[in-house]
Amino acid sequence: MAFINPKKKEVQVKIVYYGPGRGGKTTNLEFIYKKFGTRVKTEMVTIKTHGDRTLFFDFLPFDIGKVNGYDVKIQLYTVPGQVKYNATRRLVLRGVDGIVFVADSMMVRREKNILSIKNLQEDLANYKKSIFKIPLVLQYNKVDLSEQGIPLTPVETLQKDLNSQLKTSAFEASALKGTNVVTTMKKIILMTIATIVKELK
Amino acid sequence: MQQNTDDALVNEIDGRLDDLFAEDKTPKKADGESSDIKEYPLKDLKAVILSIDWEITDDAMKRLADQVVGLNKLYKDDRIVFIIIQLIGSIGEYIRINKGKSHPDSFKLLNSLFKKLDKVVRTKGLTESEKKKILSVEVNKYKVLKDKLSPRKPVAEKGKQVKPAAKAKAEKADVLPIEAFAEAMDQIRQLIRSEFKALRDELRSGKERK
């Protein structure tokens, strides 16, 4: 449930980008920050290892202004994708309102995607949340790699692997080039806010 | 009625997001970059480097070694490309031996070497001098990494109780393959020497003309 401060008339919405390591979660946030950082007046916080991997999380907050008298603040987070940072991943998921699952379209990562979505289900269960109920958008990232002849998992297969039961919105994207990055983010924000409004009743 | 209010709210947020994040255009390709990717010779090397970045398996390391051998043959006449490929091979060998215990900078360097190799191979109109600059930066990074790895060696030597076999194994695991590095350095030296020689000759002929 979103953090609501009636005194300050403020709503904080927490969106987490989840997915296998090197899938492009940070790149999604970096694209948003680089392209719109000045417009939305924000700073991105990121903690990386030597090898440029997300160690703890990335954090990109921004305001979308007043809605129904409440100041709506969006907080975008990423989790570290590497398997060994399971505890950190769970910690970042605490209080999550909506999730973008960033899948890697590369053929060689097919199994990692499946494993990661299973982990997501377990991590959410840890907070007594259901993957089937939480607002969730799938993003099939790195589609641009097909231009370089790198074998990609067909969208139909990705849908079958990841979305056959969830039946949620899914976008093919290239976080590096910015294709569908904003579309994905907008979709998850709208889905999440609609759910929050529903829950508040 | 309530549904209408909710829709209005979502629509309002949608509009707000449209205002904030309008113009979702994709950036164009960098100038000079060749778009002919059908015959991209580094395709398999790129795929294997990306997969090593995710997980170091024996199969991936073997594929990397095979790619290095194949590309070395393909670029045997292009010294700069040849040297970059050799450096990739050398780092690959180090990662193959050390696997997950490899220094984090080795993965960074492997990616950086590939990026530069890609640039040198794909960018049309890159001059020899620009290529040499690229190579020189990468060789420096290689040296820095080698220096970072070298101090570990005396530590292993200090421990007198270390059994010779174990000691040898530890050394083998800690250092980069020296032969590959020395070979690459020799080639770079020769390249620099020949450049200097050409420059001197040019200066001499200039003086004589005066």
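A. Looking closely at the overall build of chain A. The helix and strand tally for chain A stands at 5 helices and 8 strands. For chain A, the proportion of its 201 residues judged to be buried stands at 45%. Looking at chain A alone, contacts between residues at least 24 apart form 71% of all its contacts between residues at least 6 apart.

B. A look at the environment of A:D144. All names here are of chain A. With respect to the helices and strands, D144 occurs in the loop between β7 (136-141) and α4 (155-162). Given 18 C-beta atoms within a 10 Å radius, D144 is considered partly exposed. The sequence separation of D144 and S105 amounts to 39 residues, and the corresponding C-alpha distance is 9.5 Å. Those residues in contact with D144, other than ones at most four positions away along the chain, are S174, L176 and K177.

C. Summary view of the interface of chain A and chain B. At the junction of the two partners, chain A supplies 31 residues and chain B supplies 26 residues. If you list the elements that add at least two residues to the side of chain A that touches chain B, you get β4 (54-67) and α5 (181-200) of chain A. Its residues placed into classes, the side of chain A that touches chain B shows 13 nonpolar, 11 polar and 7 charged.

D. Broad picture of helix α1 (residues 25-36) of chain A. Residues and elements named next belong to chain A. The end-to-end C-alpha separation of α1 is 17 Å, in line with the 16 Å expected for 12 residues at 1.5 Å each. Counting buried positions over the 12 residues of α1 gives 9, a clear majority of the element. Turning to α1, its buried residues are K25, T26, T27, N28, L29, E30, F31, I32 and F36.

E. Fine view of unusual backbone geometry. All names here are of chain A. Notably, R22 is not glycine yet its phi reads approximately 65 degrees, a positive angle. One non-glycine residue, K41, lies in the positive phi region at around 50 degrees. Among the secondary structure elements, K41 is positioned in the loop between α1 and β3 (45-48). The class for K41 is exposed, based on 9 C-beta atoms found within 10 Å.

Criteria and cut-off values
- Residues numbered from 1 in each chain as written.
- Chains lettered and ligands numbered in written order.
- Predicted model: local features only at pLDDT ≥ 70, side-chain atom pairs only at ≥ 80, totals over all residues.
- Helix = DSSP H or I, 4+ residues; strand = E, 2+ residues; numbered from the N terminus.
- Buried ≥ 20, exposed ≤ 12 C-beta atoms within 10 Å, placed from the backbone.
- Contact = placed C-beta atoms within 7 Å.
- Nonpolar A, V, L, I, M, F, W, Y, C, P; charged D, E, K, R; others polar.
- Expected span 1.5 Å × (residues − 1).

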